[in-house]
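So you can see what is in the structure, the chains are spelled out below.
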Amino acid sequence: MTRWIDEPYLGMGMRLAPSGESIDLCGYQAVRISVKTDGQAYRLQLNSPLIDDGSEYGIALVAPAHTWTPLHIPLALLTPPAHADDVIPLSVACTQVESLVITPLDQPEAFQLMVDDVALVR
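Computed from a predicted model, the values in this text were never measured in an experiment. (Residues numbered from 1 in each chain as written. Predicted model: local features only at pLDDT ≥ 70, side-chain atom pairs only at ≥ 80, totals over all residues. Heavy atoms only, no water.)

## With respect to the overall build of the chain
We apply this condition: Under the DSSP-based scheme used, a helix requires at least four consecutive residues in state H or I and a strand at least two consecutive residues in state E, with every element numbered from the N terminus. Both definitions apply: the radius of gyration is a C-alpha atom measure, and the globule rule equals 2.2 Å times residues to the power 0.38. Relative accessible area decides the class of each residue, using a 1.4 Å probe on protein chains only: under 20% of the type maximum gives buried, over 50% gives exposed, and in between gives partly exposed. Contact between two residues is taken to exist if any of their heavy atoms lie within 4.5 Å; hydrogens are not considered.
Helices and strands together make up the secondary structure of the chain, namely one helix and seven strands. Listing every helix and strand of the chain by position from the N terminus yields β-β-β-β-β-α-β-β. Compactness check: the chain gives a C-alpha radius of gyration of 14 Å against a globular reference of 14 Å for 122 residues, within 12% of the reference. Seen through its principal axes, the chain has C-alpha atoms that stretch 40 × 30 × 25 Å. When the 122 residues of the chain are sorted by exposure, 40% land in the buried category. Expressed as a percentage of contacts within the chain between residues at least 6 apart in sequence, the contacts between residues at least 24 apart total 80%.

## Looking at the sheet that holds strand β4 (residues 58-61)
Short version of the rule: Any two strands between which DSSP finds at least two bridges are classified as paired. Inter-axis angles, ranging from 0 to 180 degrees, are taken between N-to-C directions of lines fitted to C-alpha atoms, where helices are fitted over the stretch in contact.
On the basis of which strands lie adjacent, the open sheet formed by four strands has the order β1-β6-β3-β4 and antiparallel pairing. Edge positions in the open sheet fall to β1 (12-15) and β4, since each of these has one partner strand only. Taken pair by pair, the neighbouring strands of this sheet meet at an average axis angle of 15°, ignoring direction. Bridging between β1 and strand β6 (residues 99-104) involves four bridges; their strand directions are antiparallel. Within β6, the residue paired with Arg-15 across the bridge is Ser-99.

## Let's talk about the side chain of Ser-48
Threshold: Within 3.5 Å is the distance limit for a polar contact, defined as a pair of N or O atoms, with the added protein rule that one can donate a hydrogen and the other accept it, and that residues adjacent in sequence qualify only through two side-chain atoms.
Looking at where Ser-48 falls in the secondary structure, it is placed in the loop between β3 (42-47) and β4. In this structure the side chain of Ser-48 is engaged in a polar contact, spanning 3.1 Å, whose partner is the backbone nitrogen of Leu-50. Here Gln-96 takes part through its backbone oxygen, which lies 2.5 Å from a polar atom of the side chain of Ser-48.

## Focus on the pairing of β6
Burial analysis of β6 places six of its six residues in the buried class, which makes it a mostly covered element. Two strands pair when backbone bridges link them, and β3 and β6 are joined in this way by six bridges, in the antiparallel orientation. The residue bridging Leu-44 from the neighbouring strand is Ile-102, located in β6.

## Remarks on the pairing of strand β2 (residues 30-37)
For β2, the buried fraction is high: six of the eight residues fall into the buried class. Bridge count between β2 and strand β5 (residues 69-74): six bridges; the pairing is antiparallel. Its bridge partner being in β5, Ile-33 is matched across the sheet by Leu-71. One ladder, built from seven bridges, connects β2 with strand β7 (residues 113-121); its direction is antiparallel. Bridging from a neighbouring strand, Ala-30 pairs with Val-121 of β7.

## Here's the deal with the sheet that holds β7
Here we have three strands laid out as an open sheet, ordered β5-β2-β7, and antiparallel in their pairing. A single partner strand is all that each edge strand has here, and the edge strands are β5 and β7. Shown here is a sheet whose adjacent strand axes are inclined to one another by a mean of 20°, direction ignored.

Take a look at the structure:
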């Protein structure tokens, strides 16, 4: 059986700008996304160069297994992990966001996640 060493490192993500630079999400209210999961919990997070690894703002995603589920996630609901040190305010982190990433919330031996229709909502 394979064991995870630290934090989950498997998942998927998308850069928000075509050339990989950061963008300002302060004018946006939410992320709209459709997911089809295996019933396990996942974490959606914002990656910013202003945030040290492990302190990214995010939220747990729980959706029914094997069913496409549309989610509307207000950015104001994103929080850093409980163990995070030196957390910057979300309003500052949102000024420079490089990507959205989804990883398993726990550390399963296997997982299946499909994502479609990702959009930022003003």
